[in-house]
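Listed below are the residues making up each chain.
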Amino acid sequence: MKSYNKILINLTGLVVVVFHFIPFYILIVSALKKQTDISSRWVLPNYLDFSNFHIALDKGHLLQAMSNSLIVTLISVVLIAILGAMAAYPLARVKSRFNEMMMGFILAMMIVPKLTILVPLYSLVAKMGGISTYWAITLLFLTYKLPACIFLYSKFMSTIPKALDEAAMIDGCSRYSVFFRIVLPSLKPVTATVIILNGVAIWNDYSFSLYFLQSPLKRTVTLAISSFFSQDNVNLHAAAAAALLAIIPATLLYLFLQKYFVRGMVDSGVK
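Cut-offs applied
- Residues numbered from 1 in each chain as written.
- Predicted model: local features only at pLDDT ≥ 70, side-chain atom pairs only at ≥ 80, totals over all residues.
- Heavy atoms only, no water.
- Patch = residues over 30% accessible without salt bridge, like charges linked within 9 Å, V, L, I, M, F, W, Y side chains within 5 Å.
- Areas by Shrake-Rupley, 256 points an atom, 1.4 Å probe, with all protein chains shown as cover.
- Salt bridge = Lys/Arg side-chain N within 4 Å of Asp/Glu carboxyl O.
- Helix = DSSP H or I, 4+ residues; strand = E, 2+ residues; numbered from the N terminus.
- Polar contact = N/O pair within 3.5 Å; in protein donor to acceptor, adjacent residues only side chain to side chain.
- Contact = heavy atoms within 4.5 Å.
- Axes fitted to C-alpha atoms, helices over the stretch in contact; angles between N-to-C directions.
- Parallel < 35°, antiparallel > 145°, perpendicular 65-115°, else oblique.
- Left-handed = near helix turned anticlockwise from the far one by under 90°.
- Nonpolar A, V, L, I, M, F, W, Y, C, P; charged D, E, K, R; others polar.

Draft legend 1. Quick peek at a nonpolar patch on the surface. A cluster of nonpolar side chains, L70, I71, L74, I75, V78, L79, I82, L83, M86, Y176, F180 and L184, forms an exposed patch at the surface whose accessible area comes to about 1100 Å². If you list the elements that add at least two residues to the nonpolar patch, you get α3 (62-93) and α8 (175-183). Looking at the nonpolar patch element by element, the count peaks at nine residues for α3. In this structure, L70 sits in helix α3.

Structure representation (structure tokens):
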């Protein structure tokens, strides 16, 4: 019976892996085919054509777009992680009615779709002169990603014994020293989770980038990929090549932090 269950679990895992690999397979096949090749996207070509990657880098200005995405993502993720951890510390350590109300407010903010207030948000950013600027798009990401970040950090911090804080304060540490010297070094697993979740989400963002980064010099990777689809011309093969290049940074980030990711997700759950 156990062997049967093990075989069933392995087959299920194999099906899931194959199911998720299909889009990548089609993406790779499309990127390696010539634009004049009209054969099925399921069929591997008997040649290798890398001209689509050249088009993606040259006409799509992909390197500039990846540079813009890297700047926005890096600044946003760093601010989200630091401010999220600092905001979560008093919510996790001090039990009061006010903090309970704040956690309820944070949870409410997590379920608000960002596009529902796009019109007033765009009007506000335009009046502030923030269209096509890094600081405006960073503040937008910071606003929408902080609630979930605070929630994860607060639940993780609740598992850290308060006795560590009390012992450090008896030794003469201030509340700020306790946070930066005792609590913050213990947040590596959940910090990896925050970096991966928010980094990938911001890197792949399209809606905010489309409306708030209108300058061609400031467009991100998602906008660079979408530039190959227009009313007059559709270059699916170059778009596939650009997409393959665009997923490399996010993949490397996950591979680098994966050992902390699962632990952070589990430990940040409600206990």
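Draft legend 2. Just the side chain of N52, in detail. Positionally, N52 belongs in helix α2 (residues 51-58). Within polar-contact distance, the side chain of N52 engages the backbone oxygen of A31 at 2.8 Å. Ignoring anything within four residues of it in the chain, the contact list for N52 reads S30, A31, L32, K33, Q35, H237, A238 and A241.

Draft legend 3. Just the packing of helix α4 (residues 97-110) against helix α6 (residues 134-157), in detail. Taken N-terminus to C-terminus, the directions of α4 and α6 make an angle of 135 degrees; their axes are 8 Å apart at the nearest point. Between α4 and α6, the crossing angle belongs to the class labelled oblique. In terms of crossing hand, the pair formed by α4 and α6 is left-handed. Every residue of α6 that contacts α4 at M103, I106, L107, M109 and M110 is listed here: P147, A148, I150, F151 and S154. Its residues assigned to classes, the contact of α4 with α6 shows nine nonpolar, one polar and no charged.

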